[in-house]
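# Breakdown of the fold
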Amino acid sequence: MVEFPSLSPYWPLLRFLVPLAITNVAIDLGEQALNRGIATVKEDAVEMLASYGLAYSLMKFFTGPMSDFKNVGLVFVNSKRDRRKAVFCMVAAGIIAFSLHILIAYTDLGYYIINKLHHVDESVGHKTRKAFLYLAAFPLLDAMAWIHAGILLKHKYSVIVGSASISDVVAQIVFVAILLHSNLECVEPLLIPILSLYMGAFVRFAIVGLGYYCNIHDSIPDSSGLDVGGDATIKKMLSFWWPLALILATQRISRPIVNLFVSRDLKGTSDATEAVAVLTATYPVGHMPYGWLTELRAVYPAFDKNNPSNKLNSSSPVTKSHIKKFTFCCLALSLTLCFVVFWSPHISDKILVDVIGVEYAFAELCVVPLRIFSFFPLPVTVRAHLTGWLMTLKKTFVLAPSSVLRIIVLITSLVVLPYMGVHGATLGVGSLLAGFIGESTMVAIAACYVYRQQKNNEMSSELVVEGEDSAPMSEVSRTQMGAIEELQEEEEEQE
């Protein structure tokens, strides 16, 4: 058997990332299964797809920040006490999200956000608020699954995390198929994707929870030792988490903002409903070939030796150079997938028609937006790689400005591009790309700032060490000069 010693450091990286990549692709497949559950409904399928798409994108805005607590588990949770603190934070956030869902579903605030801002008609607005109410408990369930997924990743159990996500998707597909044969299609079609979403999340939570208790709970101490930095405080966790949460919140709110501007641009007509439906259908398909690149940010904290918990595992052959080369290979693979799937004739059409179940004429409207998605891998890879490095250093605060720039560039593009003749779903996806590029640029600037700070600190440390080394010699010189002066004084006195 031929062995390749030079490739051996990449196998741990591959074994770690592949389950996470499958996780990300599985989530997109799950979204497509849920969309199919609506598209199969014969009556008002486009209207139902638009309603569910608006509610789902708003709900993802609330679940997004909590899913980033996975990184808190990855970097901070070293003991049972750390885990209890992280779970407490997630329960509090889940209750807040639940309250906001109820507020938007039942008050004039929801009517203003959904009906007025999005310029949708009464029927779509009513169904969207109803779907948003049904999704109220989902953020808490999703958050509890993510925090345990982060702890599993810290201990390199990425296979369990990947298996949980695949099981989530399988459960969604199975329940969509079951519920389509029930009377829900006639009574309340919106419940078909929503109940399937809940069942999938419950299965995922059960698997990561059991994985944690079976593999990790008994092996970690009650409290953290000084060799890994001691017990993490809730303040430290939140200080690390809030910039990541802000970034993910802006990423998740980007979709509702795009839906809002696209709908308003077309003045709330039937074309507006159709454009929002096209965006709902193209998001998961376009995201699938590049979305898994986001998981690259977990690689640095899991393998880099700067992380105190990784110093205990000094036998790992993975270096920073291996991580960089591995990241570049992932980028090349994603770009190839995007251009093959979205630029080859009829492949994207076939996915939309056969997987999601839309009509061919509707699928034709999705071709151009999907081709724009081909350019997303580059900014996503830059952002993920540099974010992972900054997470390892626990300097996530420098990432906060990138989220602000992303929203500014996104809204600017949504306002300016219609004057250039760009409308509908093409306007939405093109503006998203501009926002991604702006965000990645700011992350790169932040990383350069931190890198320069590190270099300056290293130079200062070297100067201090050199000064300490030269101090004994100086003392010797001063002692010798003192001795010579004393001898000269004694000779003068004798004279």
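Look above for the structure.
Overview of the structure. Bear in mind the structure is a predicted one, so any value in this text is a computation, not a measurement.

### Observations concerning the overall build of the chain
In terms of helices and strands, the chain carries 21 helices and zero strands. In the chain, which comprises 495 residues, the proportion classed as buried is 53%. Across the chain, the fraction of contacts at a sequence separation of at least 24, relative to all contacts at a separation of at least 6, is 84%. Surface summary for the chain: the accessible area is close to 22,700 Å², and the carbon and sulfur share equals 66%.

### Looking at empty space enclosed by the protein
All chains considered together, the criterion is met by five cavities of 30 Å³ or more. Each pocket or cavity is described by its volume, and for the largest cavity that value is around 930 Å³. Considering the residues around the largest cavity, the lining is formed by 44 residues, among which Asn24, Lys60, Leu248, Arg252 and His287 are closest to the centre. Broken down by element, the residue count for the lining of the largest cavity peaks at six residues, all from helix H11 (residues 234-265). Split by residue class, the lining of the largest cavity holds 18 nonpolar, twelve polar and 14 charged.

### Here's the deal with the packing of helix H7 (residues 138-154) against helix H8 (residues 158-180)
Between H7 and H8, whose axes approach to 7 Å, the crossing angle comes to 145°. Facing Ala149, Leu152 and Leu153 of H7, the residues of H8 in contact are Ser158, Ile160 and Val161.

### Topic: unusual backbone geometry
The residue Lys156 is not glycine, and still its phi comes out positive at about 65°. Structurally, Lys156 can be placed in the loop between H7 and H8.

### Overview of helix H6 (residues 122-134)
For H6, which comprises 13 residues, the first-to-last C-alpha distance of 18 Å matches the rise-based estimate of 18 Å (1.5 Å per residue) to within 8%. For H6, every residue scored as buried is listed here: Val124, Gly125, Lys127, Thr128, Arg129, Ala131 and Phe132.

### Focus on the packing of aromatic side chains
Counting across every chain of the model gives eleven aromatic pairs. With centroids separated by 6.1 Å and ring planes inclined at 20°, the aromatic side chains of Phe339 and Trp343 adopt a geometry described as stacked. Linking Phe339 with Trp343, this pair stays in helix H15 (residues 320-343), spanning four residues, or about one helical turn. The class for Trp343 is partly exposed, based on a relative accessible area of 38%. Connected via pairs of aromatic rings, a cluster forms that spans Tyr290, Phe373, Phe376 and Phe436. Above the face of the Phe303 ring, Lys156 is positioned so that its terminal group lies 5.4 Å from the ring centre. When the ring centre of Phe76 is taken as reference, the NZ or CZ atom of Lys394 above it lies at 4.8 Å.

Thresholds, definitions, all that
- Starting from 1, residues in each chain are numbered consecutively following that chain's sequence as written.
- Given that the model is predicted, a residue must reach a pLDDT of at least 70 before its local features are reported, and side-chain atom pairs must reach 80 or more before they are shown or counted; all residues, however, enter totals for whole chains, interfaces and linings.
- The side-chain values count all of the structure's non-hydrogen atoms but skip hydrogen atoms and water molecules.
- The helix count covers DSSP runs of H or I at least four residues long, the strand count covers runs of E at least two residues long, and both are numbered beginning at the N terminus.
- Note on classification: 1.4 Å probe, protein chains only; a residue is buried when its accessible area is under 20% of the maximum for its type, exposed when over 50%, partly exposed between these limits.
- Contacts are assigned to residue pairs with any non-hydrogen atoms lying within 4.5 Å of each other.
- The accessible surface values rely on the Shrake-Rupley method and a 1.4 Å probe; as for residues, cover is taken only from the protein chains in view.
- A cavity here means a set of points on a 1 Å grid, drawn over the protein atoms and nothing else, where a 1.4 Å probe fits but cannot get out; a pocket is an open set with protein on both sides within 12 Å along at least five of seven lines, and a residue lines either one if it has an atom within 4 Å of a point.
- Grid points are joined across faces, edges and corners, and a volume is the space filled by probe spheres set on the points.
- Throughout, the ten residues Ala, Val, Leu, Ile, Met, Phe, Trp, Tyr, Cys and Pro are labelled nonpolar, Asp, Glu, Lys and Arg are labelled charged, and all others, Gly among them, are labelled polar.
- Structural elements are reduced to axes, namely lines fitted to C-alpha atoms, with helices fitted over the stretch in contact, and the angle between N-to-C directions of any two is expressed from 0 to 180 degrees.
- Expected helix span is computed as 1.5 Å times (number of residues minus one).
- To pair, rings of Phe, Tyr and Trp, with the six-membered ring standing in for Trp, must have centres within 6.5 Å; the planes then decide the type, stacked if under 30 degrees apart, edge-to-face if over 60, and tilted in the middle.
- The rule for a charge over a ring is simple: NZ of Lys or CZ of Arg within 6 Å of the ring centre, and within 35 degrees of the ring normal.

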